[in-house]
Amino acid sequence: MRKGYLNQDRVVEHELQEVGFSPESDKHEDDEEEEEEESVEKIFESREVPSWTKQLTLRAFVVSFALSILFSFIVMKLNLTTGIIPSLNVSAGLLGFFFVKTWTKMLHRSGYLKQPFTRQENTVIQTCVVASSGIAFSGGFGTYLFGMSERIAKQSGDVARGVKNPSLGWIIGFLFVVSFLGLFSVVPLRKIMVIDFKLTYPSGTATAHLINSFHTPQGAKLAKKQVRVLGKFFSFSFLWSFFQWFFTGGENCGFSNFPTFGLKAYQYKFYFDFSATYVGVGMICPYIINISVLLGGILSWGIMWPLIETKKGDWFPADVEPSSMHGLQAYKVFIAVAIILGDGLYNFCKVLSRTLSGLFVQLRDTPSFSRRSFIVQEEDNNPHASPQTPKESYDDQRRTRFFLKDQIPTWFAVGGYILISATSTAILPHMFHQLRWYYILVIYISAPILAFCNAYGAGLTDWSLASTYGKLAIFTIGAWAGSEHGGMLAGLAACGVMMNIVSTASDLTQDFKTGYLTLSSPKSMFVSQVIGTAMGCIVSPCVFWLFYKAFDDLGIPNSEYPAPFATVYRSMAKLGVEGVASLPRECLVLCYGFFSVAILVNIVKDSLPSKLGRFVPLPMAMAIPFFLGPYFAIDMCVGSLILFIWERVDAAKAEAFGTAVASGLICGDGIWSLPSSVLAIAGVSPPVCMKFLSASTNSKVDVILQSLGMNGKASVSKELNAKHSKILEALLKKPDNRECADCRSKAPRWASVNLGIFICMQCSGIHRSLGVHISQVRSITLDTWLPDQVSFMQSTGNAKANQYWESELPPHFERSSSDAFIRAKYNERKWVSPGGIQPVPTATKLSCKVSHLVESGYKPETPKKTRTLSLDEDLLLKHALQITPPETRIRAGSVDMKENLYALPLPLGREVKKPNQKNEMFSGELYQNRSTTIAPPSSWATFD
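Residues numbered from 1 in each chain as written. Predicted model: local features only at pLDDT ≥ 70, side-chain atom pairs only at ≥ 80, totals over all residues. Heavy atoms only, no water.

As annotated in an unreviewed UniProt entry, the protein is Arf-GAP domain-containing protein from Eruca vesicaria subsp. sativa. Taken from UniProt, the Sequence similarities (unreviewed entry) comment for the protein reads in full: "Belongs to the YSL (TC 2.A.67.2) family." One UniProt comment on the protein, placed under Subcellular location (unreviewed entry), says "Membrane". (UniProt positions renumbered as here; feature names shortened; annotations may be inferred.)

Below you can see the structure in the form of structure tokens.
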């Protein structure tokens with residue numbers, strides 16, 4: 001970059017003066033001419049720099065608001081899927097330039113243009129957009145804030161420790177209370193950071209050079225080409241996401257579930273999911289990050305988890321759910337947490353030591369520091385200036401003069417911090433009664449110091465440790481509050497307070513650096529940050545609320561939006577409050593080991609020469625797929641491969657347009673989240689479910705379909721199906737059905753058709769694991785219902801069903817563990833009255849049995865081929881007969897295939913026996929579970 005060249009020139013000039021080289025020489029004159037040609041500010045010398053009030057234009061904020069919505073959707077989607085968020089500064093600056101340039105060109109042609117588009121206005125847009133979309137990260141929608149919810153607490157099995165479900169009102173209020181403090185904490189230090197210490201702030205510097213280049217004739221031409229390329233790939237990404245949506249009409253359907261490397265690899269999440277977003281992220285992220293993520297996925301899902309699974313029944317109970325924190329899930333979460341904490345601790349100590357040592361050197365080398373820090377000096381006009389001090393370049397002189405022109409009073413910053421701190425200390429305990437006022441006071445007293453450390457460290461390394469400071473608050477405040485006084489929620493809320501302060505402080509100093517290099521006033525930068533933060537406090541919660549309402553399975557493992565770090569942050573809070581006693585066997589030993597390895601890898605990386613150290617993987621990046629799986633790492637590596645080949649074929653075009661291509665892929669797929677959310681809220685379901693089966697399973701499914709005559713769903717017309725939907729929606733509005741029959745969660749969207757109850761998404765997964773001989777789960781909106789199924793739901797409902805299943809349940813029974821409660825309720829029939837009568841659907845006789853078909857030599861007409869239609873084979877096989885699973889295990893669908901495969905109910909009174917050998921797939925007769933009275937469903941209607 002040009003800035004680097006200028007710094008290098010000053011160093012060379014200083015060295016020549018020390019060895020006595022004459023400044024009058026021709027060589028020196030040539031150097032000065034070359035430096036003048038490279039000077040950025042010489043290019044803009046003839047252009048008037050607008051005042052700080054004219055830099056803040058209405059059109060800039062209109063464009064900023066539109067781009068804030070776009071980037072908030074992108075960041076939110078990334079936050080709720082994997083948590084990997086690349087820098088979007090370049091995209092924000094590029095799109096801001098394009099929109100306002102188009103706007104001003106139209107006004108110029110019509111003769112209404114009053115003020116030309118300047119680089120200062122471009123900087124205001126970029127600052128405002130990044131501040132707004134940054135709230136989508138620091139707001140904790142995929143971390144601490146969502147970690148407070150009941151949905152995440154159920155997965156962790158600690159609902160009793162306290163929950164606070166998301167609500168649009170308190171989220172917006174919380175963000176407005178805590179998001180502005182960081183801005184005031186670093187305002188008095190802006191000159192020290194930017195001018196006295198000359199901190200680099202790589203992201204801010206890169207953004208400034210990008211904006212400067214846009215406003216040169218050559219840069220403007222390149223920017224137009226970049227925008228054109230971005231638009232093409234934006235359109236491609238958006239249309240590709242739209243096309244994929246048509247094939248996702250059920251669970252685990254669509255291209256995102258394509259078993260690229262086979263079904264066994266798919267089971268352990270090794271597959272390419274055709275995500276344009278993460279291909280674009282891979283093109284932006286450095287190669288070492290993408291490789292680190294892939295290595296972490298191979299180590300965890302390729303080696304560790306299959307080995308730990310073999311210890312089921314020894315290290316952890318064999319009968320726990322896969323999502324239980326007492327089983328394999330605990331190893332996934334807490335080992336990832338250990339790696340993150342080890343990496344975070346090392347980098348915290350490293351950045352803090354560099355911060356303190358750099359600060360010491362700056363103070364030592366500047367004896368008159370305290371006097372110079374707040375007084376405008378012009379050393380160029382000082383005849384007594386030291387001859388050893390290198391003369392500032394023209395660029396630096398001009399930038400310093402304009403940067404110090406508009407001062408922000410120190411009293412304003414200090415007074416604003418005190419006022420907002422006092423207001424926040426008074427309000428937050430009413431939002432979170434577990435967060436005492438003295439906890440908040442301690443945070444606000446220590447926050448300016450930590451904000452300065454984070455801002456200074458970001459200037460040196462471009463690394464913001466906001467999340468690390470947030471984790472520090474989780475452990476300190478959580479342990480201080482204690483388990484009995486809501487320490488878990490207190491720690492998570494304290495994490496949010498701390499993260500918002502240090503994150504916004506770092507962002508503002510980056511923007512001050514950008515403003516310094518583009519001659520943008522510090523006042524306009526501060527106002528832009530304030531307005532952008534205010535936008536983010538409204539836009540980001542609304543975007544999250546749209547996701548939350550549109551996707552019932554948000555935060556559920558293996559769903560489209562699993563929000564993995566919400567579980568991680570809640571697990572950290574649990575660890576800080578309860579300690580390590582609740583971990584499964586050997587989990588703590590593994591955590592200690594990986595914590596130490598994370599520190600050791602960082603030490604080795606920093607000890608090696610840079611040429612070798614850059615090949616050492618990053619522990620933080622390796623930890624992410626431990627919990628999620630490596631599927632997105634494959635996408636990112638595909639992006640890296642595309643960029644690598646492009647650079648080898650045409651390095652110049654790859655450098656010029658690589659970021660534009662990646663940004664287009666990310667933006668197009670990200671903005672599709674908006675229409676997909678609207679469609680989900682409106683109840684519009686995709687028309688096709690595309691699944692992938694093994695050939696052997698496919699042929700057996702064909703036999704069952706043709707032999708059992710399970711075509712009842714085909715007889716349901718669209719009109720009848722619409723009528724059923726209206727009936728079911730009306731049933732859900734009844735007071736007794738507005739809550740889940742088991743956990744009392746609001747707005748259930750699933751049902752058990754043979755129990756006659758409405759249940760939530762979380763409980764539906766547990767019902768599936770019970771086996772279809774106990775509970776047969778349907779979606780209210782995704783599945784087609786038959787008349788007698790709807791009729792049974794009308795005649796039963798939650799109240800009537802629970803009169804039987806909970807007749808002896810204590811009045812104030814604590815439903816702390818939904819898994820254990822549901823199993824006790826339906827499997828063990830623990831609270832059923834001996835004389836009670838279970839509501840059952842009307843039995844329907846089956847036309848024939850599979851054994852009769854096999855004995856008669858019946859063969860399927862459908863050829864054996866891989867089915868790509870919407871057939872839920874898992875549920876079908878459970879109802880029909882016990883079939884030996886193929887060697888390549890199918891990914892679990894809506895019903896667990898591990899147990900109770902031989903569970904098709906028959907007409908009552910028929911005695912059957914169960915085959916005891918794997919090769920007796922069709923030889924045995926069907927049997928009936930005698931421990932429960934189960935009538936078969938009237939027909940079968942779960943296939944699209």
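Undergrad: Please explain the sheet that holds strand β3 (residues 777-779) as it appears in this structure.
TA: Strands belonging to one sheet form pairs held by backbone hydrogen bonds; the direction of such a pair is parallel or antiparallel. Here we have three strands laid out as an open sheet, ordered β2-β1-β3, and antiparallel in their pairing. Lying at the two open borders of the sheet, with one neighbouring strand each, are β2 (757-759) and β3. Here the strands of the sheet are splayed against their neighbours by 35° on average, with no regard to which way each runs. Where helix α35 (residues 761-770) meets the sheet, it contacts β1 (750-752), β2 and β3, and its direction lies at approximately 115° from that of β2. (Pairing = 2+ DSSP bridges. Helix = DSSP H or I, 4+ residues; strand = E, 2+ residues; numbered from the N terminus. Axes fitted to C-alpha atoms, helices over the stretch in contact; angles between N-to-C directions. Contact = heavy atoms within 4.5 Å.)

Undergrad: Honestly, helix α25 (residues 522-550) in this entry has me stumped. Any pointers?
TA: Residues lying three or four places apart along an α-helix face the same way, a consequence of the helix completing one turn every 3.6 residues. The end-to-end C-alpha separation of α25 is 41 Å, in line with the 42 Å expected for 29 residues at 1.5 Å each. The sharpest bend along α25 measures roughly 25° and falls at glycine 536. At the N-terminal end of α25, a side-chain oxygen is found 3.1 Å from the backbone nitrogen of lysine 523, two or three residues along, and the residue is serine 521. (Expected span 1.5 Å × (residues − 1). Bend = angle between axes of the 7 residues up to and from the residue. Polar contact = N/O pair within 3.5 Å; in protein donor to acceptor, adjacent residues only side chain to side chain.)

Undergrad: Which parts of the structure should I look at to understand the packing of aromatic side chains?
TA: How two aromatic rings sit relative to each other is set out by the distance from centre to centre and by the angle between their planes. For the structure on display, the rule yields 49 aromatic pairs. Look at phenylalanine 403 and phenylalanine 512: their rings are 6.4 Å apart centre to centre, the planes differ by 90°, and that puts the pair in the edge-to-face class. Taken together, the positions of phenylalanine 403 in helix α20 (residues 394-403) and phenylalanine 512 in helix α24 (residues 487-518) put the pair 109 residues apart, joining distant regions of the chain. Residue phenylalanine 512 is classed as buried on the basis of its relative accessible area, which comes to 1%. Among the aromatic residues, ring-to-ring pairing joins Trp240, Phe243, Phe247, Phe255, Phe258, Phe272, Phe274 and Phe692 into one connected group. The ring of tryptophan 170 has lysine 164 lying over it, and the distance from NZ or CZ to the ring centre is 5.0 Å. Note that arginine 768 overlies the ring of tryptophan 750, its terminal NZ or CZ placed 4.8 Å from the centroid. (Phe/Tyr/Trp six-rings, centres within 6.5 Å; stacked < 30°, edge-to-face > 60°. Buried < 20%, exposed > 50% of the residue type's maximum accessible area, 1.4 Å probe, protein only. Lys NZ or Arg CZ within 6 Å of the ring centre and 35° of its normal.)

Undergrad: Can you walk me through the pattern of salt bridges in this structure?
TA: Any two side chains of opposite charge can pair if their charged atoms end up close together. Following the criterion strictly, the structure yields 15 salt bridges and no others. Of the charged contacts in the structure, one is a salt bridge between arginine 399 and glutamate 41, with a shortest N-O distance of 3.3 Å. Taken together, the positions of arginine 399 in helix α20 and glutamate 41 in helix α3 (residues 40-43) put the pair 358 residues apart, joining distant regions of the chain. Given the relative accessible area of 0%, glutamate 41 is considered buried. Between arginine 59 and glutamate 121 there is a salt bridge, with its nearest N and O atoms 2.6 Å apart. (Salt bridge = Lys/Arg side-chain N within 4 Å of Asp/Glu carboxyl O.)

Undergrad: What is the right way to read the state of the cysteines from this model?
TA: Linking two cysteines covalently through their sulfur atoms gives a disulfide. With the rule as written, the count across this model stands at one disulfide. Between the sulfur atoms of cysteine 253 and its disulfide partner cysteine 689 the distance amounts to 1.7 Å. In this pair, cysteine 253 is assigned in the loop between α14 (217-245) and α15 (263-267) and cysteine 689 in the loop between α32 (673-681) and α33 (695-708), connecting sequence segments 436 residues apart. By the burial criterion, cysteine 253 is buried, and cysteine 689 matches it. Its sulfur unpaired, cysteine 591 is 4.1 Å from the next cysteine sulfur, which belongs to cysteine 587. For cysteine 591, a relative accessible area of 8% gives the class buried. No disulfide involves cysteine 743; its sulfur sits 3.5 Å from the nearest other cysteine sulfur, which is in cysteine 760. (Disulfide = S-S within 2.5 Å.)

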